[in-house]
Amino acid sequence: MTTTTGTAAATRAVGTAHTRVEGLAKVTGAARYAGEIPHPELAHGWLVLSTVARGRVRSVQDAPVLAMPGVLTVLHHGNAPRLESDYTVPFGQPDPALQLFQHDRIPYVGRPVALVVAETPEQAREAAEALVVEYDEEPHDVAFFAGRPGMYTPEGSAAHKGDLEAELAASAVVVDAEYTTPEEHHSPMEPHAATARWDGGRLEVIDSNQGSRFVADELAKLFSLDPDSVRVRSEHVGGGFGSKGTRPHSVLAAMAATVLHRPVRVVMTRRQMFALVGYRSPTAQRVRLGADADGRLRALDHQAECQTSTVFEFIERSADFGRPVYDADAHHTVTRAVRLDVPTPTWMRAPGEAPGSFALESAFDELAEKCGIDPIELRLRNEPTVGPLSGLPFSSRNLRACFEEGARRFGWADRDPRPGVRREGRRLLGTGVAAAAFPTLSAPSTAAVTAEADGTFTVRVTAMDIGTGARTALTQVAADALEVAPGRIRMRIGDSDFGRAIIAGGSMGTRSWAWAIIAAARELRERLVPGGAVPPEGITARSDTSAAVGALTEMERHTFGAQFAEVAVDVTTGEVRVQRMLGIFAAGRIVNPLTARGQFIGGMTWGLSMALHEEAVRDQASGGHVGADLAGYHFAAHADVPAIEADWVDDPDPDDPVGIKGIGEIGVVGAAAAIANAVWHATGVRHRNLPIRPDRVL
Ligand code: MOS
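Parameters and conventions
- Residues numbered from 1 in each chain as written.
- Predicted model: local features only at pLDDT ≥ 70, side-chain atom pairs only at ≥ 80, totals over all residues.
- Helix = DSSP H or I, 4+ residues; strand = E, 2+ residues; numbered from the N terminus.
- Rg over C-alpha atoms; globule rule 2.2 N^0.38 Å.
- Buried ≥ 20, exposed ≤ 12 C-beta atoms within 10 Å, placed from the backbone.
- Contact = placed C-beta atoms within 7 Å.
- Arc of directions from axis to C-beta.
- UniProt positions renumbered as here; feature names shortened; annotations may be inferred.
- Expected span 1.5 Å × (residues − 1).
- Pairing = 2+ DSSP bridges.
- Axes fitted to C-alpha atoms, helices over the stretch in contact; angles between N-to-C directions.
- Core = buried A, V, L, I, M, F, W, Y, C linked by C-beta atoms within 7 Å.
- pLDDT = per-residue confidence, 0-100.
- Parallel < 35°, antiparallel > 145°, perpendicular 65-115°, else oblique.
- Left-handed = near helix turned anticlockwise from the far one by under 90°.
- Nonpolar A, V, L, I, M, F, W, Y, C, P; charged D, E, K, R; others polar.

Looking at an unreviewed UniProt entry, one finds the protein chain named Oxidoreductase and attributed to Streptomyces albiflavescens.

Draft legend 1. Focus on the overall build of the protein chain. A count of helical and extended segments in the protein chain gives 16 helices and 26 strands. Relative to a compact globule of 698 residues, whose C-alpha radius of gyration would be 26 Å, the protein chain shows 26 Å and is just as compact. When its C-alpha atoms are laid out on the principal axes, the protein chain stretches across 75 × 75 × 50 Å. The proportion of buried residues among the 698 residues of the protein chain is 56%. At a minimum sequence separation of 6, the contacts of the protein chain that also span at least 24 residues come to 83%.

Draft legend 2. Structural detail: helix α3 (residues 121-130). Q123, A124, A127 and A128 are the residues of α3 that are buried. Projection of α3 onto a plane perpendicular to its axis shows the buried side chains occupying an angular sector of 130 degrees, all on one side. Looking at the buried side of α3, the elements it contacts are β1 (43-49), α2 (62-66), β3 (71-76) and β5 (112-118).

Draft legend 3. Spatial organisation of the UniProt feature "domain: Aldehyde oxidase/xanthine dehydrogenase a/b hammerhead" (unreviewed entry) in the protein chain. UniProt tags residues 28-139 as "domain: Aldehyde oxidase/xanthine dehydrogenase a/b hammerhead" (unreviewed entry). End C-alpha atoms of residues 28-139 are separated by 51 Å, and the span's content is 13% helix alongside 31% strand.

Draft legend 4. Layout of the environment of T308. The topology assignment puts T308 in strand β14 (residues 297-309). For the pair T308 and P282, spaced 26 residues apart in sequence, the C-alpha to C-alpha distance is 9.7 Å. Setting aside its immediate chain neighbours within four residues, T308 contacts E313, F314, I315, A337, R339, T344 and P345.

Draft legend 5. Summary view of helix α8 (residues 353-371). Here α8 contains 19 residues, and its C-alpha end-to-end distance of 25 Å stays within 8% of the 27 Å for a straight helix at 1.5 Å per residue. Across the 19 residues of α8, 18 count as buried, placing the element largely inside the fold. Of the residues one or two after α8, G372 is the one with positive phi, at around 70 degrees.

Draft legend 6. Fine view of the sheet that holds strand β22 (residues 558-570). The 5 strands lie next to each other as β16-β17-β22-β23-β26, forming an open sheet whose pairing is mixed. The two strands at the open ends of the sheet, each matched to only one other strand, are β16 (423-424) and β26 (643-648). Looking at chain direction, strand β17 (residues 427-439) and β22 are connected through 13 bridges and run antiparallel. In the strand pairing of β22, L429 is matched with A568. In this fold helix α10 (residues 399-410) packs onto β17, β22 and β23 (576-586), with an angle of close to 140 degrees to the strand it touches most, β23.

Draft legend 7. The arrangement of the nonpolar core in detail. In this structure, V116, L474, V477, A478, I517 and I675 are the most contacted members of the largest nonpolar core, which totals 197 residues. Other than its neighbours up to four places away in sequence, I675 contacts G432, A565, V567, V578, L608 and A611.

Draft legend 8. Layout of the pairing of β22. For β22, the buried fraction is high: 12 of the 13 residues fall into the buried class. Examined bridge by bridge, β22 and β23 share 10 bridges and lie antiparallel to one another. Among the inter-strand pairings, V567 is bridged to a residue of β23, identified as V578. In this antiparallel pair of consecutive strands, β22 and β23, the connection spans 5 residues, and G574 shows a positive phi of 80 degrees.

Draft legend 9. Just the sheet that holds strand β20 (residues 489-492), in detail. Ordered by their spatial adjacency, 4 strands build an open sheet running β20-β19-β18-β21, and the pairing between neighbours is mixed. Here the strands that pair on one side only, and so sit at the sheet edges, are β20 and β21 (539-544). Mean inter-strand twist for the sheet, computed between neighbouring axes without regard to direction, equals 15 degrees. With respect to the sheet, helix α11 (residues 470-482) is in contact with β18 (446-451), β19 (457-460) and β20, its orientation differing from that of β20 by roughly 135 degrees.

Draft legend 10. Fine view of unusual backbone geometry. Put simply, L690 and P691 share a cis peptide bond, and its omega is -5 degrees. With respect to the secondary-structure elements, P691 resides in the loop between α15 (671-683) and α16 (694-697). A positive phi angle, near 55 degrees, is found at S507, a position not held by glycine.

Draft legend 11. Geometry of the confidence of the model for the protein chain. Averaged over every residue, the pLDDT of the protein chain is 96; residues scoring 70 or more account for 98%. Across residues 6-10, where pLDDT falls below 50, the model places 6 contacts with residues more than four positions away in sequence or in other chains. Model confidence for the complex: the whole-complex pTM is 0.97, and ipTM, which rates the interface, is 0.97.

Draft legend 12. Region of the structure containing the packing of α11 against helix α12 (residues 509-527). Put simply, α11 and α12 touch, their axes get as near as 9 Å, and they point 30 degrees apart. It follows that α11 is roughly parallel to α12 by the angle criterion. Crossing angle aside, the handedness with which α11 passes α12 is right-handed. Listed contacts from α12 to A470, A473, L474, V477, A478, A481 and L482 of α11 are G509, T510, W513, A514, I517, I518, A521, R522 and R525. Along the lines of polarity and charge, the residues of the contact of α11 with α12 split into 12 nonpolar, 2 polar and 2 charged.

Draft legend 13. The environment of Y135, seen in detail. Here Y135 shows up in strand β6 (residues 132-137). Note: C-alpha distance between Y135 and S50 (85 residues apart in sequence) is 8.7 Å. Setting aside anything within four residues of it in sequence, one finds Y135 in contact with V52, G55, R56, V57, R58 and I106.

Draft legend 14. The arrangement of the packing of α8 against α15 in detail. At a minimum axis distance of 8 Å, the contact between α8 and α15 shows a crossing angle of 35 degrees. Relative to α15, the crossing made by α8 is right-handed. Residues S357, F358, E361, S362 and D365 of α8 touch α15, and the partners they reach there are A672, A673, A676, N677 and W680.

Below is the structure:
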C-alpha cells in the first residue's frame, strides 16, 4: 500500500465543529477510567486521614485490623519504605505532601496516616474505618481573615510603578474597597484514582491526572527508579481543573504494589478529595483606584491576601490579574500570604485571575458609578497601548472588540445606569459587565507522527484530555498539517511513554501539543515520497519544540474577554437568579467551535457558581471542613444555569503555527464580577463578599 498526504481535496478541519472523537466510547462505557480498568490479582487500598490539625501520630493500632477479613497490609509511618525527598520538579520544589508515611508529624486535618490494603474495596474500607490511630495533639491555627497576623510577602509577588499615595491624593475620584472570596474546591466528576502494578521490571500506573509524563517522572524520583522504568497512562480523565497533578493516591498505589508484589488500586472518596487534592485559597483583597473626573486612572492599587500551608508554599496570586489589563500612572499590585495548619492550596482554574478579577472588576464598577461613566466606556478609556508594567508590546489585544461585540449582542446601549429602579413583581432586575484576561503561554513538547501502511496516520503525544476536547482539537490540527481528513488520524494521548509534553494546564495544553504535532507532521511530509511505499512498521517523524518555544520574543501575550450578566434579585427571599450571561472572548484561533464553546460556557458557569454558591467552610475548633461533600459544598446545578452564550472575535495569535492562544481558563475570569455588578445594578447594594448568599442579600 502506498500513501500520500496533501491531496487537493483535503478540507480544513481547524475552525469547524467536530464532535469528540472519543464520544462514542464515552457514552457507551467503552472508555475506561483509572479506577475501573480490570486487573487480575487486584488489591484495593483505602486511605486513612488524620483527624487532628496539628501534632504527631502516637500509634497506629494495626494489629486488630490485620486480622480482619481480606486485609493484606496496613502501611503507615512505622513500616513504609523510604522515599527520596531530595529532588526537583519542573515547577520548582517537590511537594512534601508526597512524602507519605515518612514521619509522624501531622500538619493539617486530612493528612494521610495509613493505607489499608485488602482483597476488595469493601474489606479495605471496613478495615480503614476500624483502624485506631492515636495522636499527640497540638494547638492549631486555621483562621484566615483580612490583615491577620503572620502575613508575609512571597518572593516575586509584588510589582509596582509610580507614586501611589501622590496619585491617589491628586485623584478627583477615589474608590477604596475590600473584597473577600472563600475557599473553593475543584472536585472534578471523576475522583482521583490510580492502579499501580509492576510489569516486567517496569512500574505501570494507570492514573487520573493532568500530565502523565510529569507524574511518571515524579514517581521515578520518589521511588529512586530510572525514569524509563515508570510508565503512567491516563487515556481518559474526567475533569481536573488544576487538582490532578501527582497526588497521594498514585504514590501510595505504587508503594503498596511494591510492598505486596501485586497490583493495587487507590481511589479517593469525594470527602477525601476535599483534603487531598488542593483547593483555591480564600482571599481578602483591597483595591484602591484613583481617577481624574473623566475616568482616566491615576492610581491602581491591588493588595491581595491568601493562605498557604506550613509544609509548602502555594500562592493564589490574585493581585496579578490587573497587571496587563489597565494602565495607571501609579500601578501597585501585591499578594501576601499566611501559613496556616491547612492543606496546601493549589492551582484551580484561573488561579489568581478568578478571585483577582472579582475584586478589581467590582472596583471598576464602583469607579464607573462614582465617575458617572458607563462601565464599558470607563474600561475603554483605560486601555493600555503597551504592558502597563512591563512596557512590552501586546502580541494582540482585542479587548475593545470583545466589549463592542458584546455590548451590541447583549443590548447594552439601552441600559439605564441607575441602580434599583427595575422592578418586576418581587424581583429587581439589573445588568453588569466585567473584563477578563488570562496569560497565553506555550511550553516545550514532543510528538511523533507515523504514516501507517494502510494510509492512516498515528499521532503519539503525551497530551491529556481532561474533558476539554483536546483529543479532538489535536486530531483536527493533525489532519490539517497532514492535509488529510480527520478520519485518517489516530490520536494516541495520555501515555508517558510518548515522551515529554506539557500538562493539561495553564490554558497552554492544546497550543503547546499542537505545535509539536505540526512540527512532526512537517518533518514526516518531507520524508514521504509521493506515491512511495510505506513499510509495514510505518514511517515515523518526531519533533521537539524546545528551541522554537525558547525563541519566542518577549511580549505581553494574553487572551481577553468581556463578560455580561443579567440578574433578578428576589427581595423577599434574597435569592439571586442569573437570567442570562454573554461572554465574548479574544482567545486566539478557535480550533473546534463546538468544544471551545463548551470550555467557555463551562468557565462562565464556574463564575456563576463562584458568585452565588461555592464556599468551603472550615471549622475553627477541629481545623477540618464542615460539609466536605457535594451536599455541603453548594455549586451551580442545571436549574441555576440560565441561557449562557459564548462567542469570540477574530484574534489569531501571530506566533503560533495555528494561531491558537488557549481557552481553558478565561471563561471564569470576570464572570463573578459581572454578576456582582448586576446585583448592584438591580438592588443598589454592593456585594463585596462571595458568595452572594440569600442571607447576605437580605
Ligand atoms: Mo489549570 S488551574 O492550569 O489545571
